[in-house]
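# Summary of structural features
Below are the chains, spelled out letter by letter.
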Amino acid sequence: MDFDFDVAIVGGGPAGSTTATYLAQAGIDCVVLERETFPRPHVGESLVPSTTRILREIGFLEQMEANGFPRKYGAAWTTPHGLRAYDHDWEGIAPSDQVDVRFDEVTQEGVGQSYTYHVDRGKFDHLLLQHAANAGAEVGEGEAVTAIEFLDEGVRVRSNTGRGPKQVTARMVVDASGRRTLLGNQLRLRVQDPVFDQYALHTWFEGYDRGGGEKADYIWIHFLPVSNSWIWQIPITDAITSFGVVTQKRNFKAAKDSLDEFFWKCVEQRPDLHEKLRASHQLRPFKPEGDYSYAMKRIAGDRFVLVGDAARFVDPIFSSGVSIALNSARMASRDIQRAFHEGNFSEGAFETFSETMRNGCKHWYEFIRLYYRLNVLFTYFVSHPTYRLDVLRLLQGDVFGREEPPVLAKMREIAAEVEQNERHVWHDLLGDLTSHAFEPQF
């Protein structure tokens, strides 16, 4: 059978465009079918250092610099003042109500610079998609894929365009459709996370006073005095800052407020932020994001792989979204190139990709789980000289292709100790997620 392309890629976000670039640079004929017309706004505006090696590999790092995206040298976390547990030390270390890290405290192989970036995702994603086209991939925007049909030897991808229905055939398909999870839904692979039922509400503000110095351009995470709830603060330009409130969906439903009312009621719990935000100018309407965390029963099969958010979505507390997207594209592309070399497009041909992705996402998930269970545990480990660098490696996105970082076992041990000891100074700070609340499928 003659095919229109070697690979059809559904979705032109970071996962799809990066996969296309890797494949096109390797001489594999691919097409990207993107339902929207770029640029378009998107959430997930802060990167981690592990993305740098991939941007360098695909020849995109120069564009990052040329387009002046804000440099992100580190990250900071703040806690509401006055929590009793922060007045006590444990094992000689007193947790702080503000902690921060610099990424250059630990070198990361293949990264080679002390910073990563914050990005306007509309601009960043558009540039990445153009880069894929320049590498040789065919790109179609405004082409909404409706179904994928598996043939005896390949696939047929059907889409709707402004000019009517369209179809293309290919040897295999890459689903990079984001949280639409096209194949995940079509093949009934998607499993909703029963624990992280998070909800986000976000917008941009102009003129917010971020203060001075290098830390002004850090990502800031501000805890709220409500279980599993926090605010992000991400520089977009010198004048524009992205803010978002993340909480469990049940909190929003219980409030029965409008989007505006709910956002401002959350921010009022941090008076230091509230005053400065009220003094700045809101640029966009509030946008909600629901259905936050889910997994897939499998992320590869005969003639298909799932990458980026189409494969897995983990709570974004540590800015893992684009990192997972780019790393999944990198690993999937390696297996796809080998599949074409060997002429084998069965599920087993993508086993390395599947296992590496599952292990990496599992490490992220465990780190996030422990963070939500006991926020003070995170600040303790960041402050502790024995564990700080291990935590920093996790924050850099260094979770793929390795065994579980040993620091996670120590964090589990301490969390269990706090759970079991009602007199522990941290016991009252435990979130409502238990250490055994997560099922094996995640």
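Quantities reported herein were computed from a predicted structural model and do not represent experimental measurements.

## A look at the overall build of the protein
Of the regular secondary structure elements, the protein holds 13 helices and 20 strands. For 442 residues, the compact-globule estimate of 2.2 N^0.38 gives 22 Å, and the C-alpha radius of gyration of the protein, at 22 Å, lies within 12% of that figure. The C-alpha extent of the protein, read off along each of the three principal axes, is 70 × 45 × 45 Å. A total of 442 residues make up the protein; the buried ones form 58% of that total.

## Quick word on unusual backbone geometry
Residue phenylalanine 38 is joined to proline 39 through a cis peptide bond whose omega torsion reads 0°. For proline 39, the location among the structural elements is in the loop between β2 (30–34) and α2 (50–57). Backbone geometry at arginine 188 places phi at a positive 55°, although glycine is not the residue there. Inspection of the secondary structure assignment puts arginine 188 in the loop between α5 (182–186) and β11 (190–192). The exposure class of arginine 188 is exposed, given its relative accessible area of 71%. Of note, serine 319 is a non-glycine position whose phi angle comes to about 55°, a positive value. Note that serine 319 resides in the loop between β20 (304–306) and α9 (321–342). Residue classification places serine 319 among the buried residues on the basis of a relative accessible area of 12%.

## Considering helix α1 (residues 14–25)
For α1, spanning twelve residues, the distance from its first C-alpha to its last is 16 Å, which sits close to the expected 16 Å at 1.5 Å a residue. Among all positions of α1, only Pro14, Ala15, Gly16, Ser17, Thr18, Thr19, Ala20, Thr21, Tyr22, Leu23 and Ala24 are buried. Among the structural elements, β1 (5–10), β2, α2, α4 (121–135), β10 (164–175) and α9 are those in contact with the buried residues of α1. Within two residues after α1, glycine 27 carries a phi angle of roughly 85°, on the positive side.

## Looking at the packing of aromatic side chains
For the coordinates displayed, the defined rule picks out 25 aromatic pairs. Pairing tyrosine 115 with tyrosine 117 gives two aromatic rings, centres 5.6 Å apart and planes at 90°, and the pair type is edge-to-face. Comparing tyrosine 115 with tyrosine 117 shows no difference in burial state: the two are buried. Taking 5.2 Å as the distance between ring centres and 75° as the angle between the ring planes, the aromatic pair formed by tyrosine 371 and phenylalanine 378 counts as edge-to-face. Of the two residues examined, tyrosine 371 and phenylalanine 378, each falls in the buried class. Joined through ring pairs, the aromatic side chains of Trp77, Phe223, Phe318, Trp364, Phe367, Tyr371, Tyr372 and Phe378 make up one cluster. Sitting over the ring of tryptophan 264, arginine 278 keeps its end group 3.7 Å from the ring centre.

## A few points about the pairing of strand β9 (residues 155–161)
Of all seven residues that make up β9, five are buried, and the element is covered over most of its length. The hairpin formed by strand β8 (residues 144–150) and β9 contains four residues between the paired strands. In the sheet, β9 pairs with β10 via seven bridges, with the strands oriented antiparallel. Counted as the bridge partner of valine 155 is alanine 170 from β10. Two successive antiparallel strands, β9 and β10, enclose a turn made up of two residues.

## Comments concerning the nonpolar core
Counting residues in hydrophobic clusters, the biggest one holds 105 residues, and the most contacted among them are Trp77, Val157, Val305, Phe318 and Phe378. The greatest single-element share of this core, amounting to ten residues, is contributed by helix α10 (residues 351–373). Among residues more than four places away in sequence, those in contact with phenylalanine 318 are Val48, Trp77, Trp364, Phe367, Ile368, Tyr371, Phe378 and Leu395. Ranked by size, the runner-up nonpolar core spans 21 residues in total, among them Leu61, Ala76, Tyr218 and Trp220.

## Considerations on the side chain of arginine 121
Looking at the secondary structure, you find arginine 121 in helix α4. Here the side chain of arginine 121 touches histidine 42 through a polar contact of 3.5 Å, side chain to side chain. In this view, arginine 121 contacts Pro14, Arg40, His42, Val43, Gly44, Glu45, His126 and Val322; residues no more than four positions away in its chain are not counted.

## Considerations on the pattern of salt bridges
In this structure the tally under the stated criterion is 24 salt bridges. With a closest N to O distance of 2.8 Å, aspartate 125 and arginine 121 form a salt bridge. Placement of the pair is aspartate 125 and arginine 121 together in helix α4, with a separation of four residues, close to one helical turn. Arginine 121 carries the same exposure label as aspartate 125, and that label is buried. A single network of salt bridges, built from pairs that share partners, joins Glu366, Arg369, Glu404 and Arg412.

## A closer look at the layout of surface pockets
Within this model, the largest pocket holds a volume of roughly 880 Å³. The wall of the largest pocket is formed by 47 residues, among which His42, Val43, Arg121, Arg179 and Asp309 lie closest to the centre. Elements supplying a minimum of two residues to the lining of the largest pocket: α1, β2, β13 (219–223), β14 (230–235), β17 (287–289) and α9. Within the lining of the largest pocket, the residues separate by chemical class into 22 nonpolar, 13 polar and twelve charged.

Conventions adopted
- Residues numbered from 1 in each chain as written.
- Predicted model: local features only at pLDDT ≥ 70, side-chain atom pairs only at ≥ 80, totals over all residues.
- Heavy atoms only, no water.
- Helix = DSSP H or I, 4+ residues; strand = E, 2+ residues; numbered from the N terminus.
- Rg over C-alpha atoms; globule rule 2.2 N^0.38 Å.
- Buried < 20%, exposed > 50% of the residue type's maximum accessible area, 1.4 Å probe, protein only.
- Expected span 1.5 Å × (residues − 1).
- Contact = heavy atoms within 4.5 Å.
- Phe/Tyr/Trp six-rings, centres within 6.5 Å; stacked < 30°, edge-to-face > 60°.
- Lys NZ or Arg CZ within 6 Å of the ring centre and 35° of its normal.
- Pairing = 2+ DSSP bridges.
- Core = buried A, V, L, I, M, F, W, Y, C linked by side-chain atoms within 4.5 Å.
- Polar contact = N/O pair within 3.5 Å; in protein donor to acceptor, adjacent residues only side chain to side chain.
- Salt bridge = Lys/Arg side-chain N within 4 Å of Asp/Glu carboxyl O.
- 1 Å grid on protein atoms, 1.4 Å probe; cavity = no way out; pocket = protein on both sides within 12 Å on 5 of 7 lines; lining within 4 Å.
- Points joined across faces, edges and corners; volume = space filled by probe spheres on them.
- Nonpolar A, V, L, I, M, F, W, Y, C, P; charged D, E, K, R; others polar.

In short, geometric facts, not functional conclusions.
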